[in-house]
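Geometric and topological summary
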Amino acid sequence: MSDFDYDLFVIGGGSGGVRAARIAATHGARVGIAEEYRYGGTCVIRGCVPKKLFVYASKFSEEFEDAEGFGWSVGERSFAWDKLIAAKDQEITRLEGIYRRNLDNTGVEIHDSRAVIEDAHTVRLLSTGQTITAKYILVAVGASPNVDNSLPGGEHVITSNEAFHLSELPNRVVVAGGGYIAVEFAGIFNGLGVDTTLIYRGPEILRGFDMDLRRTVREEMEKKGIKVVLNDTFSSIEKQSDGSLIGRTNGGENLAADQIMFAIGRSPHTRELGLEKAGVETDAIGAIKVNEESRTNVESIYAVGDVTNRANLTPVAIREGHAFADTVFGNKPWTVDHSLIATAVFSQPEMGTVGLTQEEALERTPNLDIYKSSFRPMKHTLSGRDEKMLMKMIVDADSQKVLGVHIVGPDAGELAQILGITLEMGATKADFDRTIAVHPTAAEELVTMREPTERLRG
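As the structure is a prediction and not an experimental result, all values here were calculated from the model.

How each quantity is defined
- Residues numbered from 1 in each chain as written.
- Predicted model: local features only at pLDDT ≥ 70, side-chain atom pairs only at ≥ 80, totals over all residues.
- Heavy atoms only, no water.
- Helix = DSSP H or I, 4+ residues; strand = E, 2+ residues; numbered from the N terminus.
- Rg over C-alpha atoms; globule rule 2.2 N^0.38 Å.
- Buried < 20%, exposed > 50% of the residue type's maximum accessible area, 1.4 Å probe, protein only.
- Contact = heavy atoms within 4.5 Å.
- Areas by Shrake-Rupley, 256 points an atom, 1.4 Å probe, with all protein chains shown as cover.
- Lys, Arg positive; Asp, Glu negative; His and termini not counted.
- Charge placed at Lys NZ, Arg CZ, Asp CG, Glu CD.
- Pairing = 2+ DSSP bridges.
- Salt bridge = Lys/Arg side-chain N within 4 Å of Asp/Glu carboxyl O.
- Core = buried A, V, L, I, M, F, W, Y, C linked by side-chain atoms within 4.5 Å.
- Expected span 1.5 Å × (residues − 1).

A closer look at the overall build of the protein
For the protein, the helix and strand inventory stands at 14 helices and 22 strands. On C-alpha atoms alone, the protein measures out to a radius of gyration of 24 Å, which is about the 23 Å that the 2.2 N^0.38 rule sets for 458 residues. Judged by the C-alpha coordinates and their principal axes, the protein covers about 70 × 65 × 45 Å. Burial status across the protein gives 50% buried among its 458 residues. The contacts in the protein between residues at least 6 apart in sequence include a share of 63% that link residues at least 24 apart. Total accessible area on the protein is roughly 21,400 Å²; 48% of this is exposed by carbon and sulfur atoms. When the 49 positive and 66 negative side-chain charges of the protein are each reduced to one mean point, those points stand 1 Å apart.

The following block contains the structure:
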């Protein structure tokens, strides 16, 4: 009989922690898990799942307009924010129930409490004060939205957490930030009829993505009526007597809003977790340092997901949790490859991407062939909407290996998933060229681009 209460105790009931707990249990481990809020984590409860439901809702305004080009007469229409919130809440409750049942069905013991680390093998449940021992501890507590605590009036802003629970839809919104969450919420609010402004400190939104895509998404957002303010930040936020807000910027803008939402990044949720008691090392922003097997400097403590600040995406956390459980408890060691991750931004228009950007590719090889095509999606030939689709392929000119594929337009995220498989397999441009097109589709452009639009040679 083991001297520990559990073989594994997981702190955090998000996607990565739940996957690790379930897989470890199927390998025969005695597993406990603690979550202080709701099971499912940021993605399910207040992240990508409710966000995409909001994206769907926001797109109907354009769908109604586009329908007229196809012969439909769309009558009077209205939108009820409270109905959307209620439907979203019902779906999130359903999904959380599934997470709990899946844990129960694999024999994982659930603790509805915040847990903190006492030492290398001990955690304490704050709801009861109970201490629990485990041979291994896995930290999977995720990350939290950043706010600027030094900003005068910063107490008046909301984050994406609160945006999912607003009692009423604002008439005017300013979103601060230029990453996934900021761009996606700007599109959501705009699509729901809100006067929307996006303010970002950098020269272009979506830092880290290919520049052609960044520019295209921003230009299309502006066509849809979103005001984009670049190279600027807030200097103060003032609440008016009627409850509205004025955001004053360092560039001299006075941005009036009913809500100001900050989406300026996220930080690992490690404060007051007790990591220092066990001697677990963290970096300057509080992310837990781990090796390729997700192990910390303390042999019995591991960490997965956003708390490690490696690749902060839900599917990555799930893979990391699975790899950890297989390696430690299943005698099937493997690690996650973080070098090639397909991803989507549910901006409007949508963006899907896999592999290297042009800027990253140039750092590896000076010889590149760039294939790029911009065109109006077939749907808009009748709808009349002024929206372009962009497809870009980056190829190593010497080996002809496809290094990156980037798309802006309808279903870009779905395409990125399939393209991720081809790039993982090491596809070359000749492989794409040999593939027969599916017509009429936008995706056929990927196999019909024959001549480079640009040849870069070092």
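Some words on the pairing of strand β21 (residues 402-408)
Judged by how many residues are buried, β21 sits mostly within the fold: seven of seven residues are covered. Pairing analysis gives five bridges linking strand β18 (residues 351-355) to β21, with the strands arranged antiparallel. Bridge pairing links Thr353 to His406 in β21. Relative to β21, strand β20 (residues 389-396) is paired through six bridges, and the arrangement is antiparallel. Across the sheet, the residue bridging to Met393 is Val405, located in β21. Between β20 and β21, which pair antiparallel one after the other, the connecting turn spans five residues, and Gln400 there sits at a positive phi close to 65 degrees.

Comments concerning the pattern of salt bridges
Under the definition given, this model contains 36 salt bridges. Here Glu96 ties to Arg38 by a salt bridge, and the two come within 3.0 Å at their closest N and O atoms. Residue Glu96 is found in helix α4 (residues 81-105), and its partner Arg38 is found in the loop between β2 (31-34) and α2 (41-46); the two are separated by 58 residues along the sequence. Take Glu96: its relative accessible area is 11%, and that puts it in the buried class. Glu96 is paired through a salt bridge with Arg100; the nearest N and O atoms lie 3.6 Å apart. One end of the pair, Glu96, and the other, Arg100, are both in helix α4, four residues apart, so they sit about a helical turn from each other.

As for the pairing of β18
In the case of a regular strand, side chains alternate between the two sheet surfaces. With four of five residues buried, β18 is to be regarded as a mostly interior element. When strand β17 (residues 343-345) meets β18, the two strands line up antiparallel, connected through three bridges. In the strand pairing of β18, Thr343 is matched with Thr353. The antiparallel hairpin formed by β17 and β18 contains five residues in its connecting segment.

Overview of the nonpolar core
Formed by 38 residues in total, the largest nonpolar core has its most connected members in Leu198 and Ile205. For this core, the secondary-structure elements that each account for two or more residues are α3 (48-67), α4, β8 (172-176), α6 (180-191), α7 (211-223) and β17. The greatest single-element share of this core, amounting to six residues, is contributed by α6. Residues within four places of Ile205 in sequence aside, it is in contact with Gly178, Val183, Leu198, Tyr200, Arg214, Val217, Arg218, Met221, Val228 and Leu230. Formed by 27 residues, the second largest nonpolar core is a distinct cluster that contains Val44, Tyr136, Tyr302 and Ala325.

Let's talk about the environment of Gln358
As for its position among the elements, Gln358 is in helix α10 (residues 358-364). When its relative accessible area of 13% is taken as the criterion, Gln358 is described as buried. Along the sequence, Gln358 and His406 sit 48 residues apart, while their C-alpha atoms lie 9.9 Å from each other. When sequence neighbours within four positions are dropped, the list of residues in contact with Gln358 reads Asp210, Asp212, Leu368, Ile370, Lys392, Ile394, Glu454 and Leu456.

Observations regarding helix α9 (residues 314-329)
The end-to-end C-alpha distance of α9 is 22 Å, a good match for the 22 Å that 16 residues give at a rise of 1.5 Å each. Buried residues belonging to α9 abut β1 (6-11), α1 (15-26), β6 (131-139) and β16 (301-303). Taken from the residues just after α9, Asn331 is the one with a positive phi, measuring 55 degrees.

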